[in-house]
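Chain and residue survey
What follows is each chain in one-letter form.
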Amino acid sequence: PLASIIKPIVLILGAGPSLGHYTATVFAEKSWRVASASRSCKDQLLDSRHLDLHVDFTDLNSAENVLYKVKRLFGEFPTVFIYNGFARSFHDANDPWSTITKADVEREMNANTNSALIAAQ
């Protein structure tokens, strides 16, 4: 059957060295095609079943076309979409309100919420 020939695609957004890497490994062991996206990746097809994509989720422009990059290089859109992007700032524990900046809030909202919505469009 056709389903046994064409392997599904998982797109892991935020595929860093810990959870993202291990998630990619689990899918790859099940013969899925894997697209890993993170700040540390470079845009490259590693082999016929593994694609790395550079994406910085604090920058909405970076996240905007990630699904189309997968389609262009694998020939179809991902079957499964996993969002693991994350950003946080550390603030003075004694006075956190005085150290939070507008730039921190924008960067964290982009990475933790907005980029997932933009990437999925």
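Reading guide: rules and limits
Residues numbered from 1 in each chain as written. Predicted model: local features only at pLDDT ≥ 70, side-chain atom pairs only at ≥ 80, totals over all residues. Heavy atoms only, no water. Core = buried A, V, L, I, M, F, W, Y, C linked by side-chain atoms within 4.5 Å. Buried < 20%, exposed > 50% of the residue type's maximum accessible area, 1.4 Å probe, protein only. Helix = DSSP H or I, 4+ residues; strand = E, 2+ residues; numbered from the N terminus. Contact = heavy atoms within 4.5 Å. Pairing = 2+ DSSP bridges. Axes fitted to C-alpha atoms, helices over the stretch in contact; angles between N-to-C directions. 1 Å grid on protein atoms, 1.4 Å probe; cavity = no way out; pocket = protein on both sides within 12 Å on 5 of 7 lines; lining within 4 Å. Points joined across faces, edges and corners; volume = space filled by probe spheres on them. Nonpolar A, V, L, I, M, F, W, Y, C, P; charged D, E, K, R; others polar.

**Notes on the nonpolar core**
- Residues Leu11, Leu13, Ala37, Leu53, Val55, Val66 and Val70 are the most contacted members of the largest nonpolar core, which totals 17 residues.
- Counting residues per element, the ones that place at least two in this core are strand E1 (9–13), strand E2 (33–38), strand E4 (50–54), helix H4 (66–74) and helix H6 (102–120).
- Beyond its immediate stretch of four places on either side in the chain, Leu11 contacts Ala35, Ala37, Val66, Leu67, Val70, Pro78, Val80, Phe81 and Ile82.
- One finds Ala15, Ala24, Phe27 and Trp32 within the second-largest nonpolar core, a separate group that totals 7 residues.

**Thoughts on the sheet that holds E4**
- With mixed pairing, the 5 strands of this open sheet are ordered in space as E3-E4-E2-E1-E5. Only two strands of the sheet have a single neighbouring strand rather than two, namely strand E3 (44–47) and strand E5 (80–83). Shown here is a sheet whose adjacent strand axes are inclined to one another by a mean of 15°, direction ignored.
- Where E1 meets E5, 4 bridges bridge the pair, whose relative direction is parallel.

**What about the layout of surface pockets?**
- The volume enclosed by the largest pocket comes to roughly 270 Å³.
- Across the lining of the largest pocket, the residue classes tally to 6 nonpolar, 9 polar and 1 charged.
- Estimated volume of the second largest pocket: approximately 160 Å³.
- Lining of the second largest pocket is provided by 13 residues; of these, Gly20, His21, Ala24, Ser36 and His50 occupy positions nearest its centre.
- Counting only elements with at least two residues in the lining of the second largest pocket, the list comes to helix H2 (19–29), E2 and E4.
- Sort the elements by how many residues they give to the lining of the second largest pocket and H2 lands first, with 5 residues.
- Residues of the lining of the second largest pocket, tallied by class, amount to 6 nonpolar, 6 polar and 1 charged.

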